[in-house]
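# Structural characterization, general
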Amino acid sequence: MKIVICEDDARQRKFLQSTIVHSFLFQFKDIEIVLIASNPSEVLAYLKEHRADCFLLDIELQHKINGLELANAIRSKDPLATIIFITTYSDKLKLTFTYKVAALDFIVKNEPNVAKNLIDTLHIAYQHHQNIHAQKIDVSFQVKIGEYTKIIPFHDIYYFATSPNAHKIELKEKSGVYEFFSNLTDIEQQLDDRFFRCHRGYIVNLQHIQKIDSTYRTITMKNGTICHYSFRYKKALMNALSSTSNNSFE
Amino acid sequence: MLFYIFRDATLILGTLFYLLTIRPTIIMLFQSITFVIAPFYFLFSYTSMIIAIGYFVIAASFLFYSFKRSIIAFFDVIVVLILTVFSNNLALLINSQFAINSTLLETLLFIICFVSLIIIYKTIVKKKLSSLCLSSKMQLFLIFIGTLTLGMFYLNMFFLGVQDNKTLTTVNFFIQITYVLLIVLAVSLLVTNLNKIQAIQQKEVAQQQFFEYMQVLEQVNTDMQKFRHDYINILMSLQNYIEDKDLQGLKQYFYSDIMQLEQQTLFQSKMIGTLENLQIVELKGLLSSKLLLANRLQQKITMEIPHTITSVHMNLIDITRVLGILIDNAIEASVAIADSVVRIAILPSREQSVVIVIDNPLQDANFNISTIFEYQSSSKGDMRGIGLANVRGILQNYPNVTLNTRIEKNHFIQELQIF
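Residues numbered from 1 in each chain as written. Chains lettered and ligands numbered in written order. Predicted model: local features only at pLDDT ≥ 70, side-chain atom pairs only at ≥ 80, totals over all residues. Heavy atoms only, no water.

Residues and elements named next belong to chain A. Spatially, the five strands line up as an open sheet ordered 2-1-3-4-5, and their pairing is parallel. Each edge of the open sheet is held by one strand with a lone partner, namely strand 2 (32–37) and strand 5 (105–108). Pairwise comparison of adjacent strand axes, ignoring direction, gives a mean angle of 20° for this sheet. Pairing between strand 1 (residues 2–6) and strand 3 (residues 54–58): four bridges, direction parallel. For Cys6, the partnering residue across the bridge sits in strand 3 and is Leu57. (Pairing = 2+ DSSP bridges. Helix = DSSP H or I, 4+ residues; strand = E, 2+ residues; numbered from the N terminus. Axes fitted to C-alpha atoms, helices over the stretch in contact; angles between N-to-C directions.)

Put into structure tokens, the structure is as follows:
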């Protein structure tokens, strides 16, 4: 994982570098700091020829390009890069940065446990990087909220259902409910075998089925919610169920 | 024939005097005869019935307009004629139904029917119409409807009996078209009125919100005054500590007393300042009252509105309700947790869509997210928990709005997107 630092205060630069070196570079051989810049132009110049995975940016850069604009520029070149902001002021605009720039996190400089926050966030960034590398992206579903893309692993999804009105799809997963515009046929193509279209309005994750009731043609999921299946899919549903209990996905 | 004409015309004119509450003077009577009755007889004898009746209607209208100086005169003339035709027909119908061919009975029936209708019209309908304060456009419209109805009555009477199929069909066709057009006009007027009513209601809501916002501003202002007042005292205390070279005491005083004050008072005005970018009055009112609520409950709350927002593609009453419920829930859940911050952001997104995020920390790790939207499911006991079900109900009407509800890293997050 290639890290780029952009910070105009020399002391801060040293602090960031030493924290990363001491906490990370021993544990993980594939993390390196490829650039320590003191202004945004250096970063942009570097990115013309090279690329990086993780960016630590100071927001209050005393330059004609501020941290936010730099982040946008990086984001436009590389939508999957991890961006972490460092700021002197409190995290007043945390949500803004998350949803508008899809920043991973916010670190506040003068707080007591800056180092710990920084390390925790870098851990997450590293995991994110590993996921992308291992192409685990393929076993997850993406939902876009503002500029932020939430990645939901297939493993956590219970079902997809159509909403009573126009073109909205409801996604129910372990820790939440999402609504977005799509249709089940398109979604089916993005999923893998553990999902089954059991009804015109439902795609269920076979691994999370608790029980099936034939009289009412309902499927009860492990979290208690109820889906429906239609008659014509019943046989295929049963087949799919028995074959999944033989496989195991991660 | 002359007798009948005279009889009918007098009847109509007399009724008009009664309806418009005019005391007939000799001059008026004279004018009636000269301008209305005589020409009517003349036209009736030498030209067709239509022209005669047409003249009668116009002449009577203008005559009574000159007596009463009110547009109602036109309307009343038409109403009287309609009622005359109607009563006449009704009398004929009853007469033929019971196969009694007595002209006396017929006349009697006619009088009963006509008189009762006129009385009903005068006492009830006229009162209602005058109390409604109709605009002149509406009045003209009513007169137009009346004239059309009268026209159709006469058309019915004089044409339909004697014509061949082709003319019959044509006339029917015209009657039907006119009817349809009338209905369309009436409905569109109704709809316009309903829209006006709704606009007024929305204005009322906006006003209410504005009022609340003003109250909040006043509150902030008072607090600022208080602060300025206390400021001097604070400086004096600081001076004491400095003179005494009491660094420890100074440090303590500064962090515990002054920073507290800063956080409470100026925090509020800073927050109100962030609402500046939200150029929707109703939402400003709602959000500022929520900020106040949070402050009263000593719950830390941040509002992020970094760019100007002028509108949302959602009915303002609905979005106010939805946001109200979501923010109340967030605040209520956070109050129990020490040092928690409720975060709210309103961010513009591509193509005039808006993302609203409400984030609050969560205590209960086993929070069951599946049941929260159900009616009367509440983690706070019975007889509550209608809020989120209402939210879902409201949002179902909007194909352009999505709501995500989820838990991430011990935070409860609601993401409302309005496209």
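Attention now goes to the packing of helix 7 (residues 165–243) of chain B against helix 9 (residues 281–296) of chain B. Residues and elements named next belong to chain B. As a packed pair, helix 7 and helix 9 sit with axes 7 Å apart at the nearest point and diverge in direction by 45°. In terms of their interaxial angle, helix 7 and helix 9 are classed as oblique. Regarding helix 7 and helix 9, the two cross each other, and that crossing is left-handed. Only Val281, Glu282, Lys284, Gly285, Leu286, Ser288, Ser289 and Leu292 of helix 9 make contact with helix 7, whose side of the interface consists of Ala206, Gln209, Phe210, Glu212, Tyr213, Val216 and Gln219. In terms of residue class, the contact of helix 7 with helix 9 is made up of seven nonpolar, five polar and three charged. (Parallel < 35°, antiparallel > 145°, perpendicular 65-115°, else oblique. Left-handed = near helix turned anticlockwise from the far one by under 90°. Contact = heavy atoms within 4.5 Å. Nonpolar A, V, L, I, M, F, W, Y, C, P; charged D, E, K, R; others polar.)

Another aspect to go through is the interface of chain A and chain B. Where interface size is given, it is often the accessible area lost as the parts come together that is meant. At the junction of the two partners, chain A supplies 30 residues and chain B supplies 34 residues. Carbon and sulfur atoms make up 50% of the area that chain A and chain B hide from each other, which totals about 2600 Å². Run the count over chain A and chain B and you get one salt bridge. We note a salt bridge from Glu408 of chain B to Lys150 of chain A, for which the minimum N-O separation is 2.7 Å. Remark: the boundary between chain A and chain B carries 11 residue pairs in polar contact (both at pLDDT 80 or more). Here the side of chain A that touches chain B takes six residues from strand 10 (residues 176–181) of chain A, the largest share from any one element. Of the residues in the side of chain A that touches chain B, the class split is 11 nonpolar, seven polar and 12 charged. (Buried area = accessible area lost by both parts, 1.4 Å probe. Salt bridge = Lys/Arg side-chain N within 4 Å of Asp/Glu carboxyl O. Polar contact = N/O pair within 3.5 Å; in protein donor to acceptor, adjacent residues only side chain to side chain.)

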